[in-house]
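Listed here are the chains, written in short residue letters.
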Amino acid sequence: MTNSSTFGIKSFGAYIPRRRMLRSAIAAAHAWSHPSLKGLAKGERSFCNWDEDVITMAVEAGRDCLRGLSSSDIAGIALASTTAPYADLNNAMVVGAALSLPTESSANDWSGSTRSGLSAVIGACRAAGDDVLVVASEQRSGKPASAQEMNYGCGAGAVTIGTGDDVIAKFLGAETLSVPFINSFRKAGERFDYGWEERWIRDEGVSKLIPGAAKRLLSRLNLAPDRTIWFGMSGGGAGADKLVAKVLKIAPEQVLPDLQAQVGDTGTAQPLLLLISALECAKPGDIILIASFAQGGEIAAFEMSKPVPATGRCGLAGSIAKRIEETAYLKLLAFEGHVELEWGMRAETDNKTALTQLYRSADQILGFVGGQCSSCQQIQFPRMPACVNCGALNTQKPYSLLDVPAKVQTYTADWLQYTPAPPLYVGLVQFEAGARVLMEIVDVGPQGIDVGTPLEFAFRIKEQDRMRHFDRYFWKAVPVI
Amino acid sequence: MATGIKDKVAILGMGCSNFGERWDVGYEHLLNESFSEALSDAGIERKQIEAVWLGSALERSLGNSAIPAATALRLEGIPVTRVENMCATGTEALRGAVYAVASGAVDIALAIGVEKLKDTGYGGLPTLGKGTLNDIWMPYSSAPAGFAQLAAGYRAKHGISKEDLKKAIGRVSWKSHQNGAKNPKAHLRKAVEMETILKAPIIAEPLGVFDCCGVSDGSACAIVTTPAIARALGKKDLITIKALQLSASAGREWGTSSWDGSYVQNTRNAAKAAYKEAGISNPRKELSAMEVHDCFSITELVTMEDLGVSEDGHAWRDVLDGVFDADGEIPCQIDGGLKCFGHPIGASGLRMVYEHYLQLQGRAGARQLKNPQLGLSHNLGGVPYNGVCAISIVGLEGR
């Protein structure tokens, strides 16, 4: 070991949307024009519900990462993505507000390339400052009938980085390469990536650029030859990771799964998800080597320093396991906005958000913080000046409802009201702590819901303002799987 | 000590337009239709009206304020006030006019309700804003979705199967279609088979199309005065107001664990106060007929328990036993109800009183009940867990 620093990863979390489209369903829909897609039609890919985006996925990964930790200890948040919803509005700030991070914490968006996820991790490690949360989140969408549509996936990974005895994976070092090897690009405002030939990327790009950087890093680290190295690489295309591993003399079984079978390529989030998959299987003393190829690339090394403490996190494996199988290809097209369906007049509602009101109630709306009456102790949402139970005035103290166990009290499936994912499940949610809130219930699987169904909560888009393009976020209930 | 409203105010005249998809007319014509009938029925002239309460729930029907109604009916130089309390709006208009007369401030007042829903372009009700805070967090669900949740709560509390409850709520609608077929002013005037009702497409689980009331255009009104003035104007066998009560949610049902989802607390509050005001101790025996807010079939079913005419957990059996049929123990929705007469929101509360007014005078034609004495009207605005309930009871003077 060459680096005695105890700086590194202290916690991790992941989020993969529950919706998984069978690739065979995509290929079948395109069989009339693109029969060759059948060759890619194995496994499934994750895609976002209509109300999920980079911000909502980042919040879920961040929550998973911070489980058991205090958000008040986080001094900053970095959000990496090439598909964040806002060009001018600090996306990381919104994620931080939903995670109830201190208002004094920093919030930075990282973007410009799919390698920015790993860049943000390396940046935080090199800064060696107070604990920060790094989240990479990507909502990837391919043009219908493209290979990207088959191979891309959506998801988010998060790590906290800092120093102290609770570091589970020490940062050993990193290498960066910046070269004009334009493997793919997407101009600002365009919807789809444009990529060059995969064989050129693999043979002329990945194979020639990454091993050199990796060798420089490994040589610097001067590791003993018997060390177990877990290797994962994003951005190189199918099989490129194994090709590089071979050059580096890393055994094929030490190459981390590329997540293609269940998730797809999640772009900026991919290197973090690979890192997390390594954290979930590595033993103390193991080395984790993660590369992210894009116009050169980043490569970083970590050393597992202790077993991962149990925090109740879902993690990557847990998040992958929470799935709803989808075969209706049109649903993917509709959710991603590739087809415009006729939703009738109810979809015409003007969803203008009063930004004044949003600011006044920011902790309630973004953080799901209700109130507790200091007179009768009733927990309630929203937090109004007068207690819902005893009527006492000005007795409300903030009370977070986020992780309070809850169940369905009443519900219905509404086929009349407009929602991009009918039916709209709505009902009264009863919290164990005594609060009750009328909520939308989403990601209801084929098993349905009934009175008593256990619920958890997810940060989602409540409504989209199609006139001004400001999405309104709030929390929705999700059946516990 | 307050003495309540019982017998302090009499109905001098009433009117009600035809309800339905009135493509041919605007709100001004609808107002005129009910107003003309009421003036003629009351036997007075327009200038004798001293104050007016207009009920109109949706701003898009005729705009804000009562000025459009004052203009349509040329009610010049007198107080004309618009009231709005969701689907209880019609009863609110009546409450305003009745209280004005009872206070002695005026001798004759008009309550008129109207809604022109079929100019909105919607099949059901349009989505309405809920205020800047609620808009940010509260789900926008449809009206049927609000009431459909009663079905889940009712099933869970009383251990009733989905199939049995579906059959019972279907029977509620079947009965109203039977009644509506006999009402020439009703929106839907056709009897429907049970099988058709049960197999209809789902709107909000478990409510199908036939579990939902008609969305209609229409207007209804009442001219009220004191019993003494009514008699001086030559009226006999007066019909008087026995009770007018209202209860509004303050958040408890949907903000605490106190409510189990199987009933409507506002109805229970308003009914208790109304029975006290009217001097009724056994509603099932004393009421001759009920016009309740059957916006959805499940609403009417639980309302039978909330009004105390069925025991808790037994309304679904009473419905299936025909207790509320035209020839049953206590007829409900003898005019077809919201289901078939229709539901032009601001007019509905007054339309219900109109039916009792006709029944009590023996003028209800093919639907006429035998010897009615007291009629109860019931409006629900909003949703079961966050809304308003208005109850009015009218009857023969001295009853």
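Rules of the game
Residues numbered from 1 in each chain as written. Chains lettered and ligands numbered in written order. Predicted model: local features only at pLDDT ≥ 70, side-chain atom pairs only at ≥ 80, totals over all residues. Heavy atoms only, no water. Helix = DSSP H or I, 4+ residues; strand = E, 2+ residues; numbered from the N terminus. Buried < 20%, exposed > 50% of the residue type's maximum accessible area, 1.4 Å probe, protein only. Contact = heavy atoms within 4.5 Å. Lys, Arg positive; Asp, Glu negative; His and termini not counted. Charge placed at Lys NZ, Arg CZ, Asp CG, Glu CD. Buried area = accessible area lost by both parts, 1.4 Å probe. Salt bridge = Lys/Arg side-chain N within 4 Å of Asp/Glu carboxyl O. Polar contact = N/O pair within 3.5 Å; in protein donor to acceptor, adjacent residues only side chain to side chain. Nonpolar A, V, L, I, M, F, W, Y, C, P; charged D, E, K, R; others polar. Pairing = 2+ DSSP bridges. Phe/Tyr/Trp six-rings, centres within 6.5 Å; stacked < 30°, edge-to-face > 60°. Lys NZ or Arg CZ within 6 Å of the ring centre and 35° of its normal. Domains from an automatic or database assignment. Disulfide = S-S within 2.5 Å. pLDDT = per-residue confidence, 0-100. Axes fitted to C-alpha atoms, helices over the stretch in contact; angles between N-to-C directions. Core = buried A, V, L, I, M, F, W, Y, C linked by side-chain atoms within 4.5 Å.

## What about the overall build of chain B?
- Counting its regular elements, chain B contains 16 helices and 11 strands.
- Viewed in the frame of its principal axes, chain B has a C-alpha envelope of about 55 × 45 × 45 Å.
- Here chain B holds 399 residues, and the buried ones make up 64% of them.
- Pairs at least 24 residues apart make up 77% of the contacts formed inside chain B by residues separated by at least 6 positions.
- If you average the places of the 41 positive and of the 44 negative side-chain charges in chain B, the two averages end up 2 Å apart.

## Some remarks on the overall build of chain A
- The helix and strand tally for chain A stands at 12 helices and 23 strands.
- Expressed as lengths along the three principal axes of its C-alpha atoms, the size of chain A is roughly 70 × 60 × 40 Å.
- In chain A, which comprises 481 residues, the proportion classed as buried is 58%.
- Of the contacts formed within chain A by residues at least 6 apart in sequence, a portion of 73% connects residues at least 24 apart.

## Things to note about the interface of chain B and chain A
- Counting residues at the interface gives 42 residues for chain B, matched by 44 residues for chain A.
- Of the roughly 3,600 Å² buried where chain B meets chain A, counting both sides, 58% is carbon and sulfur surface.
- Of all residues in chain B, B:Ile136, B:Trp137 and B:Tyr140 give up the largest surface area on contact with chain A, accounting jointly for 21% of the area buried on that side.
- Remark: the boundary between chain B and chain A carries 1 salt bridge.
- The partner of B:Arg155 in a salt bridge is A:Asp450, and the shortest N-O contact between them spans 3.4 Å.
- Where chain B meets chain A, there are 19 residue pairs in polar contact (both at pLDDT 80 or more).
- In terms of residue count, helix 6 (residues 143-158) of chain B provides more of the side of chain B that touches chain A than any other element does, 7 residues in total.
- Grouping the amino acids of the side of chain B that touches chain A by side-chain chemistry returns 21 nonpolar, 14 polar and 7 charged.

## Regarding the pairing of strand 11 (residues 229-234) of chain A
Residues and elements named next belong to chain A.
- With respect to burial, strand 11 is a largely interior element, 6 of its 6 residues being buried.
- Burial of the side chains of strand 11 extends over both faces: Ile-229, Phe-231 and Met-233 are buried on one face and Trp-230, Gly-232 and Ser-234 on the other.
- Bridge analysis of strand 11 against strand 12 (residues 287-293) gives 6 bridges, and the strand direction is parallel. Within strand 12, the position partnered with Gly-232 by the bridge is Ile-290.

## Some thoughts on the packing of aromatic side chains
- Counted by the stated rule, this structure contains 24 aromatic pairs over all chains.
- With 5.5 Å between their ring centres and 40 degrees between their planes, A:Phe185 and A:Tyr194 make a pair best called tilted.
- Here A:Phe381 and B:Trp137 contribute two aromatic rings whose centre-to-centre distance is 5.3 Å and whose plane-to-plane angle is 90 degrees, an arrangement assigned as edge-to-face. Remark: B:Trp137 occurs in helix 5 (residues 132-137) and A:Phe381 occurs in the loop between strand 16 (379-380) and strand 17 (396-400); the pair is interchain, linking two chains. Judged on exposure class, the residue A:Phe381 and its partner B:Trp137 are both buried.
- The aromatic ring of A:Tyr152 is capped on one face by A:Arg140, whose charged end is 3.7 Å from the ring centroid.
- Sitting over the face of the ring of B:Tyr140, A:Lys462 holds its NZ or CZ atom 4.3 Å from the ring centroid.

## Notes on the domain arrangement of chain A
All names here are of chain A.
- Domain boundaries assigned for chain A yield domain 1 (8-335) and domain 2 (346-479).
- For domain 1 versus domain 2, the separation of C-alpha centres amounts to 30 Å.
- Contacts between the two partners involve 24 residues from domain 1, matched on the other side by 29 residues from domain 2.
- Among the ionic pairs, Asp-51 bridges to Lys-476, the shortest N-O distance being 2.9 Å.
- Summed over the shared surface of domain 1 and domain 2, the number is 15 residue pairs in polar contact (both at pLDDT 80 or more).
- Mapped onto the side of domain 1 that touches domain 2, the elements with two or more residues apiece are helix 2 (54-66) and helix 3 (91-98).

## A closer look at the environment of B:Ala326
Residue and element names in this part refer to chain B.
- You can see Ala-326 is positioned in the loop between helix 14 (315-320) and helix 15 (337-340).
- Distance in space between the C-alpha atoms of Ala-326 and Lys-175 is 8.0 Å, their sequence separation being 151 residues.
- The residues touching Ala-326, leaving out its near neighbours within four places in the chain, are Asn-179, Pro-331, Ile-334 and Leu-369.

## Points about the state of the cysteines
- Under the counting rule described, the total for this entry stands at 0 disulfides over all chains.
- Here A:Cys125 is not disulfide-linked; the sulfur of A:Cys65 is the nearest cysteine sulfur, at 12 Å.
- A relative accessible area of 4% means that A:Cys125 is categorised as buried.
- Summary of cysteine pairing: B:Cys221 is not part of a disulfide, and the nearest cysteine sulfur, belonging to B:Cys16, is at 8.6 Å.

## Some details on the environment of A:Gly315
Residues and elements named next belong to chain A.
- Secondary-structure assignment places Gly-315 in helix 9 (residues 315-321).
- Distance from Gly-315 to Ala-14, taken between C-alpha atoms, is 5.0 Å for residues 301 residues apart in sequence.
- Once residues lying within four places of it in the same chain are set aside, the contact partners of Gly-315 are Ala-14, Asp-64 and Glu-280.

## Quick look at the confidence of the model for chain B
- Within chain B, residue pLDDT values average 96, and 100% of them lie at 70 or more.
- Reported for the predicted complex are a pTM of 0.95 and an ipTM of 0.93.

## Side note on the packing of helix 4 (residues 89-102) of chain B against helix 16 (residues 345-360) of chain B
Residues and elements named next belong to chain B.
- Helix 16 packs onto helix 4 with a crossing angle of 65 degrees between their chain directions and a minimal axis gap of 5 Å. Where helix 4 abuts helix 16, its residues Thr-89, Gly-90, Thr-91 and Leu-94 lie against Ile-345, Gly-346, Gly-349, Leu-350 and Val-353.
- For the contact of helix 4 with helix 16, the per-class residue count stands at 4 nonpolar, 5 polar and no charged.

## Side note on the nonpolar core
- Core analysis: the largest hydrophobic core is formed by 132 residues, its most contacted members being A:Phe368, A:Phe431, A:Phe457, A:Trp475, B:Met290, B:Leu301 and B:Ile393.
- Considering every element that reaches this core, the biggest residue donor is helix 2 of chain A, with 8 residues.
- Viewed by domain, this core spans two of them, domain 1 (8-335) and domain 2 (346-479) of chain A, each represented by three or more residues.
- By size, the runner-up hydrophobic cluster in this structure holds 42 residues, among which are A:Phe12, A:Ala169, A:Ala300 and A:Ile320.

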